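Letter by letter, the chains look like this.
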Amino acid sequence: MPAAARRTERPRILRAPALSRFRWLLHGFSTRRGGVSRRFGGKALNLGFGAEDSRTAVEKNRRRFLAELPSGGRAKPTLITLRQVHSDVIHVVDRVPSAPLVGDGLLTDVAGLVLAVQTADCLPVLLADPEHHAVGVFHAGWRGTLARIVEKGVGMMRQRYQSDPRKLVAAIGPGIHGCCYEVGGEVRERFEAQFDYAAALFHEVSESDPVREKYPLLFLTARAPGHSELGPKLHLDLVGANRRQLVAAGLRPRHIWASPLCTSCRVDLLFSHRGERGKTGRMMGAVGLRSNARFKMKNAKGPRAKGQ
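Residues numbered from 1 in each chain as written. Predicted model: local features only at pLDDT ≥ 70, side-chain atom pairs only at ≥ 80, totals over all residues. Heavy atoms only, no water.

A. Up close: the packing of aromatic side chains. According to the stated counting rule, one finds six aromatic pairs in the structure shown. Ring centres of Phe 40 and Phe 271 lie 5.8 Å apart, and the angle between their planes is 75 degrees; on these two criteria the pair is classed as edge-to-face. With a gap of 231 residues between them, Phe 40 in the loop between strand S3 (33–37) and helix H3 (55–67) and Phe 271 in the loop between strand S14 (256–258) and strand S15 (283–289) connect regions that are remote in the sequence. One aromatic cluster is present, built from ring pairs that chain together Phe 191, Phe 195, Tyr 197 and Phe 202. (Phe/Tyr/Trp six-rings, centres within 6.5 Å; stacked < 30°, edge-to-face > 60°. Helix = DSSP H or I, 4+ residues; strand = E, 2+ residues; numbered from the N terminus.)

B. How the structure looks around H3. Between its first and last C-alpha, H3 extends 18 Å over 13 residues, near the 18 Å set by a 1.5 Å rise per residue. Looking at the packing, one finds that the buried side of H3 touches strand S1 (13–14), strand S2 (25–30), S3, strand S4 (78–80), strand S7 (113–119) and S15. (Expected span 1.5 Å × (residues − 1). Contact = heavy atoms within 4.5 Å.)

C. Spotlight on the packing of helix H5 (residues 149–161) against helix H8 (residues 238–248). For the pair H5 and H8, interaxial distance at closest approach is 8 Å and the crossing angle is 25 degrees. Classed by the angle they form, the pair H5 and H8 counts as roughly parallel. In this structure, the crossing between H5 and H8 has a hand that is right-handed. Only Asn 242, Gln 245, Leu 246 and Ala 248 of H8 make contact with H5, whose side of the interface consists of Ile 149, Val 150, Glu 151 and Val 154. Taken together, the residues of the contact of H5 with H8 break down into five nonpolar, two polar and one charged. (Axes fitted to C-alpha atoms, helices over the stretch in contact; angles between N-to-C directions. Parallel < 35°, antiparallel > 145°, perpendicular 65-115°, else oblique. Left-handed = near helix turned anticlockwise from the far one by under 90°. Nonpolar A, V, L, I, M, F, W, Y, C, P; charged D, E, K, R; others polar.)

Pasting the structure below:
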């Protein structure tokens with residue numbers, strides 16, 4: 001086999017046009033392509049540790065991913081991640097943590113630190129403050145969205161970095177979209193209790209089944225009303241929910257970019273827990289300051305925040 005055929009392709013990284021114009025910032029959304037994992041279809045860029053993949057392969061994949069996010073300096077950037085728990089807990093990071101962090105959001109204004117969250121359907125949301133050179137990353141599934149994690153993230157950036165929400169820029173990476181994100185009625189009820197615009201986030205989808213349509217008597221049910229599995233499915237627009245939160249927090253709509261890619265629709269390119277029935281890898285949404293970034297030093301900060 002020719003050497004060119006054996007060579008592993010470079011990781012395919014997606015970037016947000018809204019953030020690419022900032023020279024001081026590095027960011028990227030990984031895909032499933034360009035890795036060394038033999039699982040998940042082979043040569044997969046799985047970035048999550050777990051029983052489905054070897055630690056050696058994941059560590060190599062992470063190094064390959066970081067190499068595609070040039071830091072702009074001689075020192076290699078340090079990847080900062082979390083043990084994610086579908087919460088609204090956000091950590092401010094100004095040094096490499098001495099112990100693993102637990103939560104679903106990270107903030108920093110320190111160059112050389114790359115903040116990242118892992119996803120396989122949930123949304124990775126990045127925030128950048130072009131005035132004070134601070135960044136944030138958030139893991140927003142339906143639970144984190146219900147807890148308003150991105151809205152709280154904007155508030156913490158205002159407190160910590162004096163960020164003006166009107167100047168913040170956001171990028172919502174690939175995740176499961178309303179076309180594929182089926183949820184139960186209890187999720188809608190919980191959203192309705194939190195958001196006055198909840199009705200706009202849900203829609204019903206009637207699935208077409210040729211067999212059911214041709215032989216309807218085969219699918220009759222004797223169960224009491226409200227207990228049958230027949231009928232339309234309820235879908236949630238997770239992207240729309242987080243976009244609305246960002247606007248409610250003060251961001252200008254034109255400063256919010258969202259990827260058009262649905263993870264469940266594009267399992268050829270992206271990992272999807274739903275689309276692959278749980279047997280899948282993990283992607284990352286990452287953001288940081290380049291190590292040679294030049295910016296005006298701010299006044300001394302207060303004590304390091306542990307979370308919120």
